[in-house]
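Report on the structure
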Amino acid sequence: MNTLYIPVIDFQAYALGQDCPAADLDKLGSEMCKALEDIGFCYLKNHGISQDVINDAFSSSRKFFMQPDEEKEKFARSKSKILTLDGLEKREWPSHFPELKSSMEILWDKGTELSLKVFDVIAYGLNLEDKQFFRKCHKLIGTPNNKSLLRSLFYPEIPADYEIKEGQLRCGEHTDYGPLTLLFQDEVGGLEVRNQDGQFVPATPIPGTILVNIGDTLQRWTADKLIATKHRILMPSANMERGQTRQSIAFFTFSDDDVMIECLDKSNKYKPIKSIDNLNSKFSLTY
Ligand SMILES: O=C(O)CCC(=O)C(=O)O
Ligand SMILES: [Fe+2]
């Protein structure tokens, strides 16, 4: 059955700091995997990341992005590195905004913890023999041998005299590369997700929730059981919304560089590939 909307999953039982019996994880896993099979996205409520932590990361990012371009350019990725994975390596933080580094680091830690918990739940939902399987493939998050990243996005306002072209988007249609993405969005909206009928469904912001979505790697790993759904960000539709900026923060997980992505159902539908080679091939196709 194709889903016309994105389900909300109550993560309370296994929220950060919570543990629960295997039977509850089974139930949560089936519920989550059903959503991830149908539409590839779900909202998580009662996830355990405090709203203050999320708000701090949003407000310090905003402060950074509201600076003049010359200031921001001092921290831009070097053009030559955009084409390679080196671009993901650590760069300087702006020293005049210590709260940007501290708030993003706190969200990074919480995002790491929560994504591992989501992976546990998915392992139950997929009925994997080793329920720690995904956890073991993401042991190195936060080290140079794992490319997971936290990205703060800022969509500037659209000037009043700018002519929005037919079909123009704020962010083009794409699927994410890694196994799993956690997405924090502000209240502005505009994100749309393509369901299996090919219709775009709005992923309307729901206060207190985080969006979880599957990327190409987990689709490949599960031999197309869980789907990496295309998504995009619309331009503001009404003139009065043009002046509105939009923010989101995405925690993109990537498996440890040396992990082999091999169809879990043993179907061999896709050739086994090392996580880092998979990622490099996606980067070279994109850039
Ligand atoms: O800004 C958003 O809400 C989503 C951005 C996105 O899909 C991405 O960066 O992969
Ligand atoms: Fe995305």
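All of these numbers come straight from a predicted model, not from anything done at the bench.

On inspection of all chains with the given rule, the structure shows nine aromatic pairs. Centre to centre, the rings of Phe-64 and Phe-75 are 6.0 Å apart; their planes meet at 70°, and the pair counts as edge-to-face. With Phe-64 in helix H2 (residues 51-65) and Phe-75 in the loop between helix H3 (69-73) and helix H4 (79-82), the pair connects residues that are 11 residues apart, well separated along the chain. On the basis of relative accessibility, which here comes to 11%, the residue Phe-64 falls in the buried class.

With that settled, consider the pattern of salt bridges. Within the structure shown, the criterion is met by 13 salt bridges. One salt bridge in this structure joins Lys-225 and Glu-37, with 3.3 Å as the shortest N-O distance. Taken together, the residues Lys-225 in the loop between helix H7 (216-221) and strand E9 (231-234) and Glu-37 in helix H1 (residues 22-38) connect sequence positions 188 residues apart. Its relative accessible area of 27% is what places Glu-37 among the partly exposed residues. Of the charged contacts, one joins Arg-135 and Asp-120 as a salt bridge, the two residues approaching to 2.8 Å between their closest N and O atoms. In this pair, Arg-135 sits in helix H6 (residues 133-137) while Asp-120 sits in helix H5 (residues 98-125), placing the two residues 15 residues apart along the sequence.

Let us look at the coordination of the iron ion (ligand 2). Distances from the iron ion (ligand 2) to its protein donors, His-174 (NE2), Asp-176 (OD) and His-231 (NE2), fall at 2.1 to 2.2 Å. Sequence positions of the residues that donate to the iron ion (ligand 2) give the spacing H-x1-D-x54-H. Highlighted residues: His-174 in strand E4 (residues 169-174) and His-231 in strand E9, separated in sequence by 57 residues.

About the cut-offs
- Residues numbered from 1 in each chain as written.
- Chains lettered and ligands numbered in written order.
- Predicted model: local features only at pLDDT ≥ 70, side-chain atom pairs only at ≥ 80, totals over all residues.
- Heavy atoms only, no water.
- Phe/Tyr/Trp six-rings, centres within 6.5 Å; stacked < 30°, edge-to-face > 60°.
- Helix = DSSP H or I, 4+ residues; strand = E, 2+ residues; numbered from the N terminus.
- Buried < 20%, exposed > 50% of the residue type's maximum accessible area, 1.4 Å probe, protein only.
- Salt bridge = Lys/Arg side-chain N within 4 Å of Asp/Glu carboxyl O.
- Donors = N, O, S within 2.8 Å, 3.2 Å for Na, K, Ca; no water.

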